[in-house]
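Here is how the chains run, residue by residue.
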Amino acid sequence: MNTMHDIKNSGYFTFPLGKLQVFIFTDGESVIENIQPTFAPNIEQAEVESFLKQRFLSTEKLTLAGNVLLVMKEDKIILIDTGCGQKLGPSSGELIENLILAGIEPEDITDIVLTHAHPDHIGGIVKADDSLAFPNAKIYLSKKEYDFWTAEHPDFSKGTQDAIADFEIQFAKHHLAMIDSEIQFYDDEAELFGFLKLENAPGHTPGHTLITISSDGEELIHIADTFQHILLVEHPEWGNQIDSDFELGIKTRQQILEKLSSNKQLFFGDHLPFPGLGFIQKTEEGYSYVPKSFYTI
């Protein structure tokens, strides 16, 4: 896989995948100030700190990248998720600026596929004044995901902390209401545009969706928020309380880690270090993340 763009100081990275052109944009970053109990809530603090220290990572906070993937083919420009938008703090909301740097205007986006309805995935779908950020785009969302967030009382009894859940519910209800008339629903197993295969991967949210992007025998799996940090790659059983169903999130994560490692599949993660592309390696000790190596031309 040859890069077509120098990623240094650019805000985006692009490469061919068969007949497709894939772009990855940075939307900025999110910081988890209190690692526990959000991540690894039932694990001894000393064990978590030891893990982070051994990997030269901060024990005070977790920094999660905000990566957004776009697929281009002929007259289709498809954005998968929309980043945070302008309502979640100064360290994020860079997507539109970086799209423009790549020569893509918001009006050029033909389709938006949402993997789930968390704030950092749907926040960028509207501007600060709630007008549509991508006015010409058709919007696709899992029916299961939509029904969960628009229910009178979304069920978080198996996972997410109350304060986080309350914020997420209000955010989702507001933003989904803004785009309600534009949404086209997809089922648990669906295919879009002939090169996006969708697969329900519940736990993080009920309609959380993986997307296999394929062209001319090449594949890239978009894992969305299956694991937002290497902590959850190497210790999938530690879990996190951002998942709406804590135990199901662990089960799904373990299944996907096994699939990725067995098939040696290249994948993209929304919150892994930019550009979020890599592989899962399995050893006797467990799983590890191996970033994809690149060179520029």
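Data block above holds the structure.
Residues numbered from 1 in each chain as written. Predicted model: local features only at pLDDT ≥ 70, side-chain atom pairs only at ≥ 80, totals over all residues. Heavy atoms only, no water.

Caption draft 1: Molecular detail of the overall build of the protein. Of regular secondary structure, the protein possesses eight helices and 14 strands. Here the C-alpha atoms of the protein give a radius of gyration of 18 Å, agreeing with the 19 Å that 2.2 N^0.38 yields for 297 residues. Counting only C-alpha atoms and orienting by the principal axes, one finds that the protein spans roughly 50 × 50 × 35 Å. Each of the 297 residues in the protein was classed as buried or not, and the buried ones make up 53%. Counting only contacts in the protein whose residues sit at least 6 apart along the sequence, the fraction spanning at least 24 positions is 67%. Summing over all exposed atoms, the protein offers an accessible surface of approximately 13,200 Å²; the carbon and sulfur share of this is 48%. Charge separation in the protein, taken as the distance between the mean sites of 21 positive and 47 negative side-chain charges, equals 5 Å. (Helix = DSSP H or I, 4+ residues; strand = E, 2+ residues; numbered from the N terminus. Rg over C-alpha atoms; globule rule 2.2 N^0.38 Å. Buried < 20%, exposed > 50% of the residue type's maximum accessible area, 1.4 Å probe, protein only. Contact = heavy atoms within 4.5 Å. Areas by Shrake-Rupley, 256 points an atom, 1.4 Å probe, with all protein chains shown as cover. Lys, Arg positive; Asp, Glu negative; His and termini not counted. Charge placed at Lys NZ, Arg CZ, Asp CG, Glu CD.)

Caption draft 2: Examining the pattern of salt bridges more closely. By the definition in use, this model includes eight salt bridges. Between Asp111 and Lys76 there is a salt bridge, with the nearest N and O atoms lying 3.0 Å from each other. Note that Asp111 is positioned in strand β5 (residues 111–113) and Lys76 in strand β4 (residues 76–80), a separation of 35 residues in sequence. Since its relative accessible area comes to 25%, Lys76 is described here as partly exposed. Ionic pairing is found between Lys143 and Asp147, a salt bridge with its closest N-O pair at 2.9 Å. Highlighted residues: Lys143 and Asp147, both in helix α5 (residues 143–150), separated by four residues, approximately one helical turn. (Salt bridge = Lys/Arg side-chain N within 4 Å of Asp/Glu carboxyl O.)

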